[in-house]
Amino acid sequence: MSNLLRELQYQIGVSRSMATMRSCSDQLLIDQLRSYLENQRYLVVIDDVWTQLAWDTIQCALPRNGHTSRVIMTTRINSVEDHEIYKDILVWRWVAEGFITEKQGYTLQQVGESYFYEFINRNLIQPITLVPRYGMCEVEEGCRVHDIILNFLISRSAEENFVTVLDSQGLPSSDRRVRRLSVWSNPIHVVAVFRGTMNLSHLRSINICNVGGWTMPRVLDLPVLRVLDLDLEEYSDWSTVDRDGTLSLFLLRFCRKNGVMPPAQTGYRIVDPDCILSLFHLRYLRFGGESDVMLPAQIGSLQYLQTLDLSGAKVTQLPESIVQLKRLMCLVGYQLIMPNGFGNMQSLQELGNLDGCNCSVSFGEDLALLSKLRVLRVTFMWSSTSDLRTRKESLLSSLCKLGQNSLRCVYIYDNVGGGDCFVDSWCPSPCVLQKFIHISKHLGFPKWISSCLSDLTYLDILVQKMEREHLSILGDLPAIRFLYLDVKQVTSDGLVISHGAFPSLTCFQFYNIDGPALVFEGGMRMLEWLRLGFDADKAQSTYGTLEVGIGNLSSVKRIGLTVRVISEGENDPVEKAVKSVIDGQVQMLPNCPTVDIGFSRRSRLAGR
């Protein structure tokens, strides 16, 4: 936000040095701008405002002074979010639609991802980072489309009858051949679609988003449908959903609030499970939002299904017939409990997250049979099971085998501890691994991590003690771009990032709030995002200074610091001293990075 105000101040020509501008608070910048413009007639053009918050802040700096001043603003949509699209959802939909052609030596998903990155390189879509799904802690890739590109796409799609979009517009004529249908925020349109008002005999794909208060019919007469994508809302009114005995929202909320099961005879559900079974050619099925869904017991009859995305559905226990889905490549959701025999699903490339505490004790034996598996997510949460060690060793055994095949990404979220088996025993090391996330208690540094992991780009782990040789190993990883380290202790003489280390790293977090963290002598020439947590007293005693070397990070654009200090509040001299040191380093950097400094405070009495 400060950068927006500083740029506005610079363009308007308010006389302030850049050094002073960097140190100004948002409120001071606003006051300076208002004072300068108070008695002037001005024309301000602000291009591409992305958020409502940004516009609200900018407005505060522009006085309404009665001199017929004008502000021209361009933005994305009337309400200023753009729709955010997860990369994986987009790629698997392309696969289901048949847009991805096979390429020797690559999976369909890999080819689809190459298309995604090509669109980014050509500036057709804009890359973004999205909140994680599936209850994991990973950073997910996504995109959004600029309004100019979006308008062009909608126009060309309409010309070629590629997709029909129903939002605030009326329904198309009944004789129009609809191939792909997108319904937004209008339950009336959804009802019209499923009551036969439109000609849907050629419909291959349907996406329903932000629509609540309706119930799918028991039978869907969509003979060639390949993609069913439902991103549903909670009900937004207090009326009965339909006339077929569906439970009213009032009664449902009453039951939930008082911990009472709703009456069984009402059969409350948003999606009737049996209606899906009529979609014989279905290749992609996704439930987003907050969908109250039951999967049909005979879901195994959907023999062409390639993607089943339950990330927005309240489904954990999967039907036994799911093991019959021999073409299924992607199965994702939250704490899924797989039936025995899922090792027969030989086409699976992405699976998770699995409930490691409630799946079969020997679920690792089934996992080991999935020779094409590329992405695996497993959680261990809130379990009273007595065989936890056996379950984790079963998982590790499967990882040792899968690591020599196609396994690229592994996510393990361990809320119950005892995950030290993943530190030493992964042998042979997973030579083609690209991403590894292990959120557990602080453990030893994984011994299987070495410079031979030439494809590893993303690593997120918690380490009990980080030695200098561990940092050296990480610094030699040739492809590492994202590194998130939560460290309990560092070696007594501290850690130093040396020249030439981390040649490809762009995002780095080192959180050592109980210790001195590290200093940057050089290296990290590609680093753009830094997050650092450390204790100021311990940094001073270990390195003799609080100048941690941020001024050596020539490419950094964004810095976030959490500093533990003995302090009594915002105006404490200790905090002012820390800010002064950091500001001095930041002013040495060419990219004028944004800086966010937060303090973890201890009182002086507690410090004694």
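Every chain is numbered independently, its residues counted from 1 as its sequence is written. Per-residue local features of the predicted model are confined to residues with pLDDT of at least 70, and side-chain atom pairs are confined, for both listing and counting, to 80 or more; whole-chain, interface and lining totals are unaffected and use all residues. Calculated side-chain values reflect all of the structure's heavy atoms, with hydrogen atoms and water omitted.

The name given to the protein chain in an unreviewed UniProt entry is NB-ARC domain-containing protein, and the organism recorded there is Urochloa decumbens.

A. Representation of the pairing of strand S24 (residues 594–602) within the structure. Strands pair, by our definition, only if DSSP identifies at least two bridges between them. Only runs of H or I of at least four residues qualify as helices and only runs of E of at least two qualify as strands under DSSP, and these elements are numbered from the N terminus. In this sheet, S24 lies alongside strand S23 (residues 558–566) in parallel orientation, the contact comprising nine bridges. Its bridge partner being in S24, Thr562 is matched across the sheet by Gly598. Think of it like this: strands point away, you trace from the first strand over the helix to the second, and a clockwise trace means the crossover is right-handed. Handedness of the crossover joining S23 and S24 through helix H15 (residues 573–586): right-handed.

B. Inspection of the sheet that holds strand S4 (residues 126–130) at higher detail. Taken together, the three strands give an open sheet; going across it, the order is S3-S5-S4, and neighbouring strands pair in antiparallel fashion. Edge positions in the open sheet fall to strand S3 (85–86) and S4, since each of these has one partner strand only. Bridge count between S4 and strand S5 (residues 140–144): five bridges; the pairing is antiparallel. Across the sheet, Pro127 pairs through a bridge with Cys143, a residue of S5.

C. Quick peek at the packing of helix H5 (residues 87–97) against helix H6 (residues 108–121). All axes here are fitted lines through C-alpha atoms, helices being fitted over the stretch that makes contact, and every angle between N-to-C directions spans 0 to 180 degrees. Where H5 contacts H6, the axes come no closer than 9 Å and their chain directions differ by 120 degrees. Here H5 is positioned oblique relative to H6, judged by the angle of their axes. In this structure, H5 crosses over H6, and the sense of that crossing is right-handed. Taking contact as the criterion, the partners of Lys87, Asp88, Leu90, Val91, Trp92, Trp94 and Val95 in H5 are, on H6, Leu108, Gln109, Gly112, Glu113, Tyr115, Phe116, Tyr117 and Phe119. Charged means Asp, Glu, Lys or Arg here, nonpolar means Ala, Val, Leu, Ile, Met, Phe, Trp, Tyr, Cys or Pro, and polar covers whatever is left, Gly included. Each residue belonging to the contact of H5 with H6 can be placed in one class, and the counts come to 10 nonpolar, two polar and three charged. The labels follow the angle: roughly parallel below 35 degrees, roughly antiparallel above 145, roughly perpendicular from 65 to 115, and oblique for the rest. The crossing is said to be left-handed when, going from far helix to near helix, the turn is anticlockwise and less than a right angle, and right-handed when the turn is clockwise. Contact definition: two residues touch when any of their heavy atoms are within 4.5 Å.

D. Broad picture of empty space enclosed by the protein. A cavity, in this analysis, means grid points on a 1 Å lattice covering only the protein atoms where a 1.4 Å probe fits yet has no way out; a pocket is instead an open set bounded by protein on both sides within 12 Å along at least five of seven lines, and a residue lines either one if it has an atom within 4 Å of a point. Grid points are joined across faces, edges and corners, and a volume is the space filled by probe spheres set on the points. Estimates place the volume of the largest cavity at around 80 Å³. Among the elements of the structure, helix H12 (421–424), strand S16 (435–443) and strand S17 (458–466) are those that each provide at least two residues to the lining of the largest cavity. Looking at the lining of the largest cavity element by element, the count peaks at five residues for S16. Taken together, the residues that form the lining of the largest cavity break down as seven nonpolar, three polar and one charged.

E. Region of the structure containing the environment of Asn161. By the element assignment, Asn161 lies in the loop between helix H7 (147–159) and strand S6 (164–166). According to the relative accessible area criterion, Asn161 is buried, its value standing at 17%. Sequence separation between Asn161 and Val178 is 17 residues; the distance between their C-alpha atoms is 7.5 Å. Once you skip the residues sitting within four places of it in the chain, Asn161 turns out to touch Arg176, Arg177 and Arg179. Polar contacts involving the side chain of Asn161 include one to the main-chain carbonyl oxygen of Arg177, which spans 2.7 Å. Residue burial is assigned from relative accessible area. The probe radius is 1.4 Å, only protein chains are included, and a residue is buried under 20% of its type maximum, exposed over 50%, and partly exposed in between. In protein, a polar contact requires one atom able to donate a hydrogen and another able to accept it; more generally it is a pair of N or O atoms within 3.5 Å, and residues adjacent in sequence count only if both atoms are side-chain atoms.

F. Seen up close, the side chain of Ser347. The residue Ser347 is located in the loop between strand S12 (330–336) and strand S13 (350–355) in this model. Judged by relative accessible area, Ser347 falls into the buried class, the value being 18%. Here Lys326 takes part through its backbone oxygen, which lies 2.7 Å from a polar atom of the side chain of Ser347. Excluding residues that lie within four positions of it along the chain, Ser347 makes contacts with Lys326, Arg327, Leu328, Met329 and Lys372.

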